[in-house]
Amino acid sequence: QVQLVESGGGSVQPGGSLRLSCAASGIIFSINTMGWYRQTPGKQRELVATITSGSTTTYADSVKGRFTISRDNAKKTVYLQMSSLNPEDTAVYYCNANHQTPWRLYNYWGQGTQVTVSS
């Protein structure tokens, strides 16, 4: 049974920082591309950042230079360090794990964690 459990969300003032964590179980963590996505009411879920099994990272333009994604394969955990937060970063943040084989795409989601940036 695959589980992705996010933690670290909360409320923060503009300019503040938060670190999200996502602990995985039930998957071969090291071979998965891990990612963070976010969603606000009425909008589609959007990519925030991804990190491949080889630790290649990608970021949405809106978070470049402010957010950093990293992974610890020994702990089966992916992190999202968020700095210089602004109200537009308010959303539910979801952890994602995916792995493509020649036969199918394995794609899993966490339950989400709320991040609220407000003064």
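Our structure's up above, just so we're on the same page.
Just so it is clear, the structure is predicted and the values come from calculations on it, not from any experiment. Position numbers for residues start from 1 in each chain and track the written sequence from start to end. Thresholds applied to this predicted model are a pLDDT of at least 70 for local features of residues and 80 or more for the giving and counting of side-chain atom pairs; totals over whole chains, interfaces and linings are not thresholded and use all residues. Each side-chain value is worked out from all heavy atoms of the structure, with water and hydrogens disregarded.

S.K.: Which parts of the structure should I look at to understand the environment of Ala49?
M.R.: Numbering of helices and strands runs from the N terminus; a helix is a DSSP stretch of H or I covering at least four residues, while a strand is a stretch of E covering at least two. Tracing the sequence through the fold places Ala49 in strand E5 (residues 46–51). The buried category is assigned to Ala49, whose relative accessible area is 0%. Along the chain, Ala49 and Thr68 lie 19 residues apart, while their C-alpha atoms are 8.0 Å from each other. A simple rule labels every residue: compare its accessible area, found with a 1.4 Å probe on the protein chains alone, to the largest value its type can have, and call it buried under 20%, exposed over 50%, or partly exposed in between.

S.K.: Honestly, the sheet that holds strand E3 (residues 18–25) in this entry has me stumped. Any pointers?
M.R.: The strands making up a sheet associate through hydrogen bonds between their backbones, and the pairing can be parallel or antiparallel. The strand order across the open sheet built from 4 strands is E1-E3-E8-E7, with neighbouring strands paired in antiparallel fashion. Both edges of this open sheet fall to strand E1 (3–7) and strand E7 (67–72), since each of them pairs with a single strand only. Averaged over all adjacent pairs, the angle separating strand axes in this sheet is 15°, with direction ignored. Here E3 pairs with strand E8 (residues 77–82) via 6 bridges, running antiparallel. By this definition, two strands are paired if DSSP reports at least two bridges between them. Between the N-to-C directions of two axes lies an angle of 0 to 180 degrees, each axis being a line fitted to C-alpha atoms and, for a helix, fitted only over the stretch in contact.

What is shown is where atoms sit, not what they do.
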